[in-house]
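Report on the structure
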Amino acid sequence: MVMVERVIMEVDLDYFYAQCEEVRNPALKDRPVVVCIYSGRGGDSGAVTTANYVARRYGVRSGMSIVRAKRLLQGVDAVFLKADLDYYDEVSRRVMNILRGYADVFEEVSVDEAYLDTTDRVRGDYEEAKRLALKIKDEIKRVEKLTCSIGIGPNKVIAKIASDYQKPDGLTVVRPEEAAGFIAKMDVDKLPGVGAKTKKLLDEMGVKTIGDLAKQDPQKLVSIFGMKIGNYLYNAANGRDDEPVKERTEPTQFSRIITLKQDTQTVNEAEGYIDEICRDLYAKVSSQGYAFKSVGVFCVSDALSTYSRSETYEHPLDGYNNLKSVSIALLARLLEEEKIKIRRVGVRVSDLVKKRGQKTLYEYLTSTAE
Ligand code: DCP
Ligand code: MG
Ligand code: MG
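Residues numbered from 1 in each chain as written. Chains lettered and ligands numbered in written order. Predicted model: local features only at pLDDT ≥ 70, side-chain atom pairs only at ≥ 80, totals over all residues. Heavy atoms only, no water.

**Comments concerning the domain arrangement of the protein chain**
Structurally, the protein chain comprises domain 1 (8-15 + 87-179), domain 2 (18-84), domain 3 (186-237) and domain 4 (253-369). Inter-centroid distance (C-alpha atoms) of domain 1 to domain 4 is 34 Å. (Domains from an automatic or database assignment.)

Written out as structure tokens, the structure is:
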């Protein structure tokens with residue numbers, strides 16, 4: 001049997017939230033655009049979700065505080081916008097539908113990112129794959145006015161690194177025989193999954209680049225990082241990865257739990273935590289395209305027993321405010337009935353309903369009208 005090399009694409013939209021804002025208001029294009037999530041604690045408390053490339057020239061980055069971004073952009077004609085997650089989600093849904101149509105197998109990874117296995121579609125031909133990628137970029141540009149960057153490679157690891165290689169509006173093709181060489185000079189943390197902790201351990205072994213990692217004894221890597229990660233690191237560094245592109249199976253719930261700075265018996269003292277949890281949870285759930293019909297609150301008491309209360313509604317509950325008010329009401333009920341001191345508090349949403357990919361009645365009617 002002849003082994004056919006796979007042809008995997010990774011598509012990632014450029015400065016996604018900020019680019020969506022530019023599409024909605026093209027006058028923003030030449031100005032620094034910073035999209036923020038405000039914490040609700042007033043003023044500029046909160047974080048930057050992303051910024052356009054104009055703002056990035058001033059050092060603005062995802063995850064930094066709004067205060068810091070404002071300092072970097074002092075005296076510059078910059079725009080700070082509140083994140084409109086529902087709008088980005090809607091754009092994402094439409095882009096994903098376009099991408100899905102080009103793949104043999106399609107895997108949505110995040111709101112702006114997907115893997116496409118296109119091996120059969122291009123009959124294993126990398127030239128053909130490049131043409132297909134240009135066509136995809138073209139369609140997304142034409143239909144949604146958005147640019148994206150695409151990486152093509154023999155596996156997910158290479159495709160992902162390639163899509164990040166030239167940004168924005170990039171296209172990087174890495175043929176199977178070029179894979180190991182393509183990544184050899186890069187820092188180890190360019191490998192997906194290598195975070196600060198792994199990087200530090202590797203650094204202590206004198207491993208700085210992916211090429212250094214590729215030359216390590218695989219047994220040694222396994223003894224340090226365990227079978228799964230050790231093997232992954234060794235193979236990935238050598239340009240190999242067999243992880244299949246797979247359609248996402250749907251999650252059934254999302255939850256988040258926090259440890260209180262001080263144990264408490266009152267809803268008032270827990271409210272700030274509930275607020276933080278709900279903000280986080282809501283951003284996560286809605287960025288993945290879900291609404292939910294059930295909300296649960298769970299607590300760990302100072303005696304380490306667990307308690308929970310939940311509520312299920314007939315129709316999906318949407319919006320951060322709804323999530324927060326239901327959570328607080330549930331916690332109030334729990335505290336009143338159990339008379340406990342709580343140490344940790346969490347919120348769980350379940351009975352998920354997919355918003356993305358679901359046609360509205362209007363879309364359904366117009367798509368079947370002809
Ligand atoms: N995001 C966020 N908080 C972060 C990182 C990202 O809310 N710490 C959101 C905003 C981004 C979106 O996710 O627009 C996609 O993340 P990417 O990492 O793909 O970053 P961008 O698309 O913004 O920029 P790039 O051009 O580098 O892909
Ligand atoms: Mg992106
Ligand atoms: Mg992304």
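**Thoughts on the site of ligand 1**
Around ligand 1, 13 residues are found, and the nearest of them are Tyr15, Thr50, Tyr53, Arg56 and Asp112. In this structure, Tyr17 approaches ligand 1 through a main-chain N or O atom, which is 3.0 Å from an oxygen atom. The separation between an oxygen atom of ligand 1 and a polar side-chain atom of Arg56 is 2.8 Å. Of all the secondary structure elements, the ones that give two or more residues to the shell around ligand 1 are β1 (8-13), α1 (16-24), β3 (46-51) and α2 (53-56). Among the residues making up the shell around ligand 1, the classes are represented as five nonpolar, three polar and five charged. Shared between two domains, the shell around ligand 1 takes at least three residues from each, and those domains are domain 1 (8-15 + 87-179) and domain 2 (18-84). (Near = heavy atom within 4 Å. Polar contact = N/O pair within 3.5 Å; in protein donor to acceptor, adjacent residues only side chain to side chain. Helix = DSSP H or I, 4+ residues; strand = E, 2+ residues; numbered from the N terminus. Nonpolar A, V, L, I, M, F, W, Y, C, P; charged D, E, K, R; others polar.)

**A closer look at the coordination of the magnesium ion (ligand 2)**
In this structure, Asp12 (OD), Leu13 (O) and Asp112 (OD) serve as the protein donors to the magnesium ion (ligand 2), at separations of 2.0 to 2.2 Å. Each of the six donor atoms bound to the magnesium ion (ligand 2) contributes to angles spanning 78 to 174 degrees, and the resulting shape is octahedral. Here the donor residues for the magnesium ion (ligand 2) map to a single chain with the spacing D-L-x98-D. Here the magnesium ion (ligand 2) and the magnesium ion (ligand 3) are spaced 3.5 Å apart, with Asp12 acting as a shared donor. Taken as a pair, Leu13 in strand β1 and Asp112 in the loop between β5 (105-110) and β6 (113-117) lie far apart in primary sequence, 99 residues in all. The buried category is assigned to Leu13, whose relative accessible area is 2%. (Donors = N, O, S within 2.8 Å, 3.2 Å for Na, K, Ca; no water. Tetrahedral: all angles 85-135°; square planar, octahedral: opposite > 155°, others 65-115°. Buried < 20%, exposed > 50% of the residue type's maximum accessible area, 1.4 Å probe, protein only.)

**Some words on helix α5 (residues 126-144)**
Over its 19 residues, α5 extends 26 Å from the first C-alpha to the last, a length consistent with the 27 Å expected when each residue adds 1.5 Å. Where α5 is buried, its residues meet β1, α1, α4 (85-100), β6, β7 (148-153) and β8 (171-173). The residue sitting at the N-terminus of α5 and contributing the capping side-chain oxygen is Asp125; that oxygen lies 2.8 Å from the backbone nitrogen of Glu127. In the stretch just after α5, Lys145 is the one whose phi turns positive, near 60 degrees. (Expected span 1.5 Å × (residues − 1). Contact = heavy atoms within 4.5 Å.)

**Quick notes on the coordination of the magnesium ion (ligand 3)**
Within the protein, Asp12 (OD), Asp112 (OD) and Glu113 (OE) serve as the donor atoms for the magnesium ion (ligand 3), at 2.2 to 2.3 Å. Read from N- to C-terminus, the donor residues coordinating the magnesium ion (ligand 3) fall into the pattern D-x99-D-E.

**Remarks on the pattern of salt bridges**
Side chains bearing opposite charge may pair, as long as their charged atoms lie close to each other. Under the criterion given, the structure shown has 30 salt bridges. Members of the salt-bridge network, linked through shared partners, are Glu271, Asp275, Arg279 and Lys324. (Salt bridge = Lys/Arg side-chain N within 4 Å of Asp/Glu carboxyl O.)

**Considerations on the side chain of Thr118**
Within the secondary structure layout, Thr118 lies in the loop between β6 and α5. Filtering out sequence-adjacent residues up to four positions away, Thr118 remains in contact with Val7, Met9, Tyr102, Asp104 and Leu132.

**Remarks on unusual backbone geometry**
Following Lys167, the chain continues to Pro168 via a peptide bond in cis, the omega torsion being -5 degrees. Non-glycine residue Asp169 carries a positive phi angle of around 60 degrees. Among the structural elements, Asp169 can be located in the loop between α6 (156-165) and β8. Assessed through its relative accessible area of 47%, Asp169 is described here as partly exposed.

**Some points on the sheet that holds strand β4 (residues 79-82)**
Ordered by their spatial adjacency, three strands build an open sheet running β3-β2-β4, and the pairing between neighbours is mixed. The sheet terminates laterally at β3 and β4, the two strands that pair on one side only. Averaged over all adjacent pairs, the angle separating strand axes in this sheet is 35 degrees, with direction ignored. (Pairing = 2+ DSSP bridges. Axes fitted to C-alpha atoms, helices over the stretch in contact; angles between N-to-C directions.)

**A look at α1**
In terms of residue burial, α1 counts as a mostly covered element, since seven of its nine residues are buried. Among the residues of α1, Phe16, Tyr17, Ala18, Gln19, Cys20, Glu21 and Glu22 are the ones counted as buried. For α1, the secondary structure elements touched by its buried residues are β1, β2 (33-38), β3, β4, α4 and α12 (267-287).

**Some details on the sheet that holds strand β12 (residues 342-354)**
Strands sit in the order β9-β12-β10-β11 across an open sheet of four strands; the sheet is antiparallel. A single partner strand is all that each edge strand has here, and the edge strands are β9 (253-264) and β11 (306-317). Within the sheet, the average angular offset between the axes of one strand and its neighbour, ignoring direction, is 15 degrees. As defined by bridge partners, β9 adjoins β12 across eight bridges and the pair is classed as antiparallel. Residue pairing across strands places Phe254 opposite Val349, the latter belonging to β12. Lying over the sheet, helix α13 (residues 320-338) contacts β10 (290-301), β11 and β12, oriented at roughly 145 degrees with respect to β11.

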